[in-house]
Amino acid sequence: RRSRPFIAVNCSALAEALLESELFGHARGAFTGAVNDRKGMFEEAGGGTLFLDEVGDVSPGMQARLLRVLQEREIVRVGTSRAVPVDVRVIAATHRDLEAMVEDGRFRKDLYFRLKVFQIRVPELKDRVDDIPPLAAAALARWNERVEPTRRIGGISDEAMEVMQAYDWPGNVREVMASVEYACIVCDSKRILACHLPEEVREGPLPAAAANGDGRRVEARSEPKRYQAPDANAEREAIRAALEEADGNRTRAAAALGMGRSTPWQKLKE
């Protein structure tokens, strides 16, 4: 089916009535604004593939209609009673735990097993850190395509990439894309540096290693000991000493002190 149509629909973005019309089509006069007959996505994807994204968000009524289509291989347009045969491959995706939803009665068991013919489980991004560099590069390329040449960014520094690979990315790929775009907006150099990343990314777990300006690497503890200063003067002296030892590299100084990555910035302002 690879040479035939591929049509995607986000099931969570449309109300039930609109989703029904989008998927199955409608007849003229079926509802206000239906001035012509219209094919639905099942018909438009004939011979090809229909991708149902976020299928776990569809209503119980729509679940029943989808089950009928998958079983009978035919659709009924809104406003008609005539069945129209369809020949389409259905791919469904969701971020929800459908097995748990079936147990709770929120997703039809029969539809679940109709969809679960060939299942692919995609691990969370935190479990596949090797995917982060190409995803970040793709996000950067997307930015550079949209902006004027003078605003294009040449790349991402090694230190920034280490910080990104140490973060858990609860928002997965969408969060990577948004974080790189944020960094591009605030970037004041030709490369994205660690300081340009969003605060929640910078404040995530410290990377296994951080590099300073001359290329030397300093191993960081996975669970750094939190520094507790007896008073403000002692804390000030400790931060000054750590910055001198780290040749001014604030990320390395924070690691040595067991502080969050942005804490030295705040302390210096104070």
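Structure: above.
Residues numbered from 1 in each chain as written. Predicted model: local features only at pLDDT ≥ 70, side-chain atom pairs only at ≥ 80, totals over all residues. Heavy atoms only, no water.

With respect to the environment of Ile-239
Along the polypeptide, Ile-239 turns up in helix α10 (residues 232–245). Separated by 28 residues in sequence, Ile-239 and Lys-267 have C-alpha atoms that sit 8.4 Å apart. If we skip the residues at most four places from it in the chain, Ile-239 touches Leu-257, Met-259 and Lys-267. (Helix = DSSP H or I, 4+ residues; strand = E, 2+ residues; numbered from the N terminus. Contact = heavy atoms within 4.5 Å.)

Thoughts on the nonpolar core
Core analysis: the biggest nonpolar cluster contains 27 residues, and Leu-23, Phe-24, Phe-42, Leu-50 and Leu-66 have the highest contact counts within it. Counting residues per element, the ones that place at least two in this core are β1 (6–10), α1 (16–24), α2 (41–44), β4 (49–53), α3 (60–72), α4 (98–104) and α5 (109–115). Once residues lying within four places of it in the same chain are set aside, the contact partners of Leu-50 are Ile-7, Val-9, Leu-23, Met-41, Phe-42, Ala-45, Val-88, Arg-89, Val-90 and Ile-91. Ranked by size, the runner-up nonpolar core spans 26 residues in total, among them Ile-132, Ile-156, Ile-192 and Val-201. (Core = buried A, V, L, I, M, F, W, Y, C linked by side-chain atoms within 4.5 Å. Buried < 20%, exposed > 50% of the residue type's maximum accessible area, 1.4 Å probe, protein only.)

Side note on the pattern of salt bridges
Scanning the entire structure with this criterion turns up 13 salt bridges. Here Asp-110 and Arg-108 are joined by a salt bridge, their closest N and O atoms 2.8 Å apart. Salt bridges linked by common partners bring Glu-16, Glu-20 and Arg-65 together as one network. (Salt bridge = Lys/Arg side-chain N within 4 Å of Asp/Glu carboxyl O.)

Re the packing of helix α6 (residues 132–146) against helix α8 (residues 172–186)
The N-to-C vectors of α6 and α8 enclose an angle of 50°; their axes lie 9 Å apart at closest approach. Classified by the angle their axes make, α6 and α8 are oblique. Considering only the axes of α6 and α8, their crossing is right-handed. Contacts from Leu-135, Ala-136, Ala-139, Leu-140, Arg-142, Trp-143 and Arg-146 of α6 reach α8 at Val-173, Val-176, Met-177, Val-180, Glu-181, Cys-184 and Ile-185. Looking at the contact of α6 with α8 residue by residue, the classes come out as 11 nonpolar, no polar and three charged. (Axes fitted to C-alpha atoms, helices over the stretch in contact; angles between N-to-C directions. Parallel < 35°, antiparallel > 145°, perpendicular 65-115°, else oblique. Left-handed = near helix turned anticlockwise from the far one by under 90°. Nonpolar A, V, L, I, M, F, W, Y, C, P; charged D, E, K, R; others polar.)

Digging into the packing of aromatic side chains
If you walk through the whole model with that rule in mind, you get four aromatic pairs. On the basis of an interplanar angle of 20° and a centroid distance of 5.8 Å, the ring pair of Phe-24 and Phe-42 is categorised as stacked. Here the residue Phe-24 occupies a position in helix α1, and Phe-42 occupies one in helix α2, the gap between them amounting to 18 residues. A relative accessible area of 4% means that Phe-24 is categorised as buried. Ring geometry for Tyr-167 versus Trp-169: centroids 4.7 Å apart, planes at 85°, classification edge-to-face. Residue classification places Tyr-167 among the buried positions, given a relative accessible area of 11%. For Trp-169, a relative accessible area of 0% translates into the label buried. (Phe/Tyr/Trp six-rings, centres within 6.5 Å; stacked < 30°, edge-to-face > 60°.)

Some details on the layout of surface pockets
A volume near 1,600 Å³ is recorded for the largest pocket. Lining the largest pocket are 39 residues, with Phe-51, Ala-92, Ala-93, Thr-94 and Ile-120 positioned closest to its centre. Among the secondary structure elements, those contributing two or more residues to the lining of the largest pocket are β4, α3, β7 (89–93), α4, α5 and α8. The greatest single-element share of the lining of the largest pocket, amounting to five residues, is contributed by β7. Across the lining of the largest pocket, the residue classes break down as 20 nonpolar, five polar and 14 charged. (1 Å grid on protein atoms, 1.4 Å probe; cavity = no way out; pocket = protein on both sides within 12 Å on 5 of 7 lines; lining within 4 Å. Points joined across faces, edges and corners; volume = space filled by probe spheres on them.)

Thoughts on the environment of Ala-27
Relative to the helices and strands, Ala-27 is located in the loop between β2 (25–26) and β3 (38–39). Residue classification places Ala-27 among the buried residues on the basis of a relative accessible area of 11%. As for Ala-27 and Lys-39, which are separated by 12 residues in sequence, their C-alpha atoms are 8.6 Å apart. Setting aside chain neighbours within four positions, we find Ala-27 in contact with Ala-34, Asn-36, Asp-37, Val-78, Gly-79 and Thr-80.

In short, shape yes, function no, at least from these values alone.
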